[in-house]
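# Topology and contacts: notes
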Amino acid sequence: MRTVNFESIAVSTTAIGFTAANLVRDAASPPSAAHVQVLEAPINIRQDGTNPTGAAGGGTRYEPNSVFVVSSLPDMANFRAIRVTDAAQDARINVTFMA
């Protein structure tokens, strides 16, 4: 795999996904995975196209300094993240897209 793009996303109280332009590098070589690092505050995520909530049980929770991989283009397109409700500040995710 090789890196094809990178973005840093502020994650606040409204669910947000990856920037669509980063998912369409070119038709022959779209990204096949996204390596995600969580910084500054915990987040909840979903990869089924439904917005997570900040409440407990509102998605899969990741703490600061967690790293995970979103391993398919459909899951990357459906990815959404939100800051957990009890966090004192917004989170940030650093995303490296790989093909």
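In case you missed it, the structure is sitting above this.
So, here is what we can say about the structure in this document. (Residues numbered from 1 in each chain as written. Predicted model: local features only at pLDDT ≥ 70, side-chain atom pairs only at ≥ 80, totals over all residues. Heavy atoms only, no water.)

### Observations regarding unusual backbone geometry
Condition: Each residue's exposure class comes from its accessible area (1.4 Å probe, protein chains only) as a fraction of the maximum for that residue type: buried when under 20%, exposed when over 50%, partly exposed otherwise. In this description a helix means any DSSP run of H or I spanning at least four residues, a strand means any run of E spanning at least two, and both kinds are numbered starting from the N terminus.
With phi around 80°, E40 is a residue other than glycine that occupies positive phi space. Residue class for E40 comes out partly exposed when judged on its relative accessible area of 48%. Phi at N65 is positive, roughly 75°, even though this residue is not glycine. When you line up the elements, N65 lands in the loop between β4 (60-62) and β5 (67-70).

### Some points on the sheet that holds strand β3 (residues 43-46)
Going by this rule: In this scheme, strands are said to pair when DSSP sees at least two bridges between them. Only the contacting stretch of a helix is used when fitting its axis, a line to C-alpha atoms as for every element, and angles between N-to-C directions run 0 to 180 degrees.
The strand order across the open sheet formed by three strands is β4-β3-β6, and the pairing between neighbours is antiparallel. Each end of this open sheet is capped by a strand with a single partner; those strands are β4 and β6 (80-83). Here the average twist between neighbouring strands, direction ignored, is 30°. Relative to β4, β3 runs antiparallel, the two sharing three bridges. Bridge pairing in β4 places I43 opposite Y62.

### A few points about the side chain of R83
Heads up, the rule is: The term polar contact refers here to a pair of N or O atoms within 3.5 Å; inside protein, the definition further demands a hydrogen-donor-capable atom paired with an acceptor-capable atom, and it admits residues adjacent in sequence only when both atoms are side-chain atoms. Here, two residues are considered to be in contact whenever any of their heavy atoms come within 4.5 Å of each other.
The topology assignment puts R83 in strand β6. The exposure class of R83 is buried, given its relative accessible area of 15%. Only 2.7 Å separates the side chain of R83 from the side chain of D90, close enough to count as a polar contact. Apart from residues no more than four positions distant in its own chain, R83 is found in contact with V11, S12, T13, P42, I43, G54, Q89, D90 and A91.

Read these as layout, nothing more, since geometry by itself doesn't imply function.
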